[in-house]
Amino acid sequence: MGNKTLKLFILALSIALTACFDNSRDDTEVIEPPPINESVTVNHFLRFINTQASLAAGEYVIVVATKGNEVTDDYQLTIDYDDGTSINFSGSWISSGGMDHSSVDNPTHPISLAVSGGLKVTLTSTADNYLYLTRNGHIIAEDDDSAGGSNAQMALDNSKISSASYANAYYQAVDPNAERTTLSSWKTLNGFDNGADQHLTFRDRVDLGYGRDMYAKTRTDGGIAIYIENYVVQLGPGDASTYGPLSLNAALTANQNYFIGNSALEYSPIDPNDATSDKIVKMFFFNIADENGQRSRALEVDPDGRGFKAMPTPCFVCHGGKPLPLNPDGSFPEQSLRSAKMNILDTEHFTFSKTSGHTEQALQPAIKAINQLVHSAYADMQGWDDAIQGKWNADFAIELDTGAYAGDFSAVEYDKDFIPIGWQKNGNRPDGIERLYKEVIKPHCAACHSLLGTNSGANRTTQINNESVSLANAINLSNYEQFISYSDLIIELVYRRGQMPLSLLNYTTFWRFPEAAPTLLASFLPGFNAFDGNGNISPPQVPVAILGENRTSTSPVSLNASASILSETFSWKLLSSPSDATGVLSNATGISTVLTADKDGDYTIELTASNEAGFSDVEQTVITINSLMSPTPQELTFSNDIQPIISACSGCHRESENFAGIAVYFNSSNLNIYQSVLERVDLNDPASSLLLFKATTLNHGGGIRIKRDTVEGEQNYQTLLNWITHGAPCGDDPIVCS
């Protein structure tokens, strides 16, 4: 046994002995996770790739206005940034211009955001005041009196799907009568005062690594309720390698030294006042008991020691959830509310005890019973009205659940070797795909991806691998052909950016032996080229310089590298320009720069992103300057320029029985069409926006709608890309932008 192994063994043993003999606990002690240097360490876990930032990086102007005209008074302005810094301004109105963001009589304060995110701006004065945030003269946000009294405040979240307001809106939606604010009240409401129907204890070794003490029950309304006591024995916070077997021992002994809280899932009517309404999955997390012995409901959780995230987003990550930003009135969107599902209990993902009553064999009946409950929920959701927007296609999840029990739950034990039809070898599929399923897809992908996708567009097919395949629901990876249609994206997200898998333990397990699962997966990806400097496959550690797609623009052009991955420093070069032209970059280093050019034509820009580990990556993009562009990129708005483009999509994206369940409407029936489009925009990485990806790839039930190899298609693409890059403003249409 090596010294390092011996030290780890001694440390683990000491913790185990502490668990056995020391039941004291200091609840005031806070174990801080180690600081994570994101320039050298992947740290995206339990967060969606598109965080739905409120603001794009770039230049903005705060306009300090008043409700009335010609007001004379003093004011104080406070700007709070995401990084914790604040700036205070004092100013005055001599004769204000009233509620007019363009009035020269209203003071302005220019600000710059280096990265996408949020902002809080607070205006205080004895005068009745008003705030605007503008970009290129367009209103991005505005507020009247959110700071209290007659004072204005714009509070724009860093993430519109992970914030205290998001968590509060979610709990208000799933518990409108405030009947589930503590674990005890939740248990009473779900009938656990009379005991549980099923009980099992195990360690989840794929998702979070917790020791889990699980209790399940069928509700009186036919729904389902499950709560779990979670235990974690950590050698160091935020280190997935420490989520080991000792967590199972802690759960078996209910050792409160390592108890971290209760998670709870409930499948019950969406309308608590209507027992016949559709049932949905509702998710809760309850804290460690307070001084009164109550386990209160948590607004945010830190499941992996990598920082707190607001509910329910970290749970949505692997429960098929689709977190959309809040509705304009602040309520939680129904499509998101309906999107979460329960997970199948896959015994291959668990570690069991060898003690009597807790072995895998002993727990098989309870596991089967819970999986039958999960199946009933899947079948119930499959029976929802087809017209419900974003309705999930449960076919693959049902196949996974029933297939593991001989197809009809006639088998006694869960079959770990079951392979779904879409992953079985046939004449058109390559050798080894069943191994690919067992060693990569099943342990690292299927549990979460099987809960994604919709019903709509299933009748549209394309040819892949000599198979006629629908790609409308390809995200659920129900067959090899759907999986391989994402090969380019898999190479980018898994091997280059390290943004998949989305849980820390799953990611760490996948990369523990690069020559195993990562190499096997790579062998099936056409054109794979994500090798390290030695020609090997290794965990992501090299920066990924992200500069975006080639763009056509007027001069000047802002360029931003903040979407780059595993990067800390940046350098810029102008590699080429038209003959006799002069192009100048405002910064040779830094996260952003501005190209100023005096002639039309192509300018090639090179970005080099580097990190502390000594690695670097280079990306080039071509900026085509066209001084005759009209409108200019800065002038683009949704109401004037984007809505006419997406109106062509309304043939399918509308309320119609031919496209029942389609996730978004792009026609006039959608009164919140601007928000619906924003939900499909990535302000951090514009070129990765779903709005662009769907329209330009086959992974779309409607096929390729923007053909970039045509003049019209490329023009539409550039219009969309420039609009997103410049903050995606709505414009001044009184109906669409109200």
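Residues numbered from 1 in each chain as written. Predicted model: local features only at pLDDT ≥ 70, side-chain atom pairs only at ≥ 80, totals over all residues. Heavy atoms only, no water.

## A few points about the side chain of Asn611
Here Asn611 is to be found in the loop between strand E24 (601-610) and strand E25 (616-625). Beyond its immediate chain neighbours, meaning those up to four positions away, Asn611 contacts Ser39, Val40, Gln541, Pro543, Leu566, Ser567 and Glu568. (Helix = DSSP H or I, 4+ residues; strand = E, 2+ residues; numbered from the N terminus. Contact = heavy atoms within 4.5 Å.)

## Some remarks on the state of the cysteines
A disulfide bridge is the covalent bond that connects two cysteines by way of their sulfur atoms. Here the structure, examined in full by the defined rule, presents two disulfides. Between the sulfur of Cys730 and that of Cys737 lies a disulfide, 2.0 Å long from S to S. Given an S-S torsion of about -85°, the disulfide between Cys730 and Cys737 has left-handed geometry. What makes Cys730 buried here is its relative accessible area of 6%. Sequence-ordered numbering of the bonded cysteines in the chain gives a pairing of 1-2, 3-4. For Cys315, which is in no disulfide, the shortest distance to another cysteine sulfur is to Cys318 and amounts to 10 Å. (Disulfide = S-S within 2.5 Å. Buried < 20%, exposed > 50% of the residue type's maximum accessible area, 1.4 Å probe, protein only.)

## A look at unusual backbone geometry
Look at the link from Ser555 to Pro556: it is a cis peptide, with omega at 5°. The amide bond that connects Ser630 to the next residue, Pro631, takes the cis arrangement and shows omega of 0°. For Leu46, which is not glycine, the phi dihedral falls at a positive 55°. Mapped onto the elements, Leu46 comes out in the loop between helix H1 (3-21) and strand E1 (58-66). The phi torsion at Ala728 lies on the positive side, around 55°, for a residue other than glycine.

## Considerations on the nonpolar core
Membership of the largest hydrophobic core comes to 109 residues, with the highest contact counts inside it found for Leu436, Phe483 and Tyr495. In terms of residues, this core owes the most to one element, helix H7 (residues 360-382), which gives nine residues. Leave out the neighbours within four places in its chain, and Tyr495 touches Ile490, Phe510, Trp511, Pro518, Leu521, Ala522, Leu525, Phe528, Ala530, Ile537 and Pro540. Membership of the second largest hydrophobic core comes to 47 residues, among which are Val71, Ala152, Phe638 and Ile645. (Core = buried A, V, L, I, M, F, W, Y, C linked by side-chain atoms within 4.5 Å.)

## Overview of the packing of helix H14 (residues 638-646) against helix H17 (residues 711-725)
At a minimum axis separation of 10 Å, H14 and H17 run at an interaxial angle of 135°. By the angle between their directions, the pair H14 and H17 is classed as oblique. Here the hand of the crossing between H14 and H17 comes out left-handed. Contacts between H14 and H17 pair Phe638, Asp641, Ile642 and Ile645 from the former with Asn716, Thr719, Leu720 and Trp723 from the latter. Of the residues in the contact of H14 with H17, the class split is five nonpolar, two polar and one charged. (Axes fitted to C-alpha atoms, helices over the stretch in contact; angles between N-to-C directions. Parallel < 35°, antiparallel > 145°, perpendicular 65-115°, else oblique. Left-handed = near helix turned anticlockwise from the far one by under 90°. Nonpolar A, V, L, I, M, F, W, Y, C, P; charged D, E, K, R; others polar.)

## With respect to the sheet that holds strand E16 (residues 350-351)
Pairing within the open sheet is antiparallel, and its six strands lie in the order E13-E12-E11-E10-E9-E16. Looking along the sheet, the strands with just one partner apiece sit at the ends: strand E13 (279-286) and E16. (Pairing = 2+ DSSP bridges.)

## Details of the domain arrangement of the chain
Here the chain is partitioned into domain 1 (58-156), domain 2 (164-383), domain 3 (419-523), domain 4 (551-625) and domain 5 (638-726). Here domain 4 and domain 5 have C-alpha centroids that lie 28 Å from each other. Contact with domain 4, which involves four residues of that partner, is made by seven residues of domain 5. Taking both partners together, domain 4 and domain 5 bury about 470 Å²; carbon and sulfur atoms supply 43% of that area. It is Arg551, Thr552 and Ala563 that lose the most area in domain 4 upon contact with domain 5, and together they represent 84% of the buried surface on that side. Joining domain 4 to domain 5, the criterion identifies zero salt bridges. In this structure, the connection of domain 4 to domain 5 is made through two residue pairs in polar contact (both at pLDDT 80 or more). (Domains from an automatic or database assignment. Buried area = accessible area lost by both parts, 1.4 Å probe. Salt bridge = Lys/Arg side-chain N within 4 Å of Asp/Glu carboxyl O. Polar contact = N/O pair within 3.5 Å; in protein donor to acceptor, adjacent residues only side chain to side chain.)

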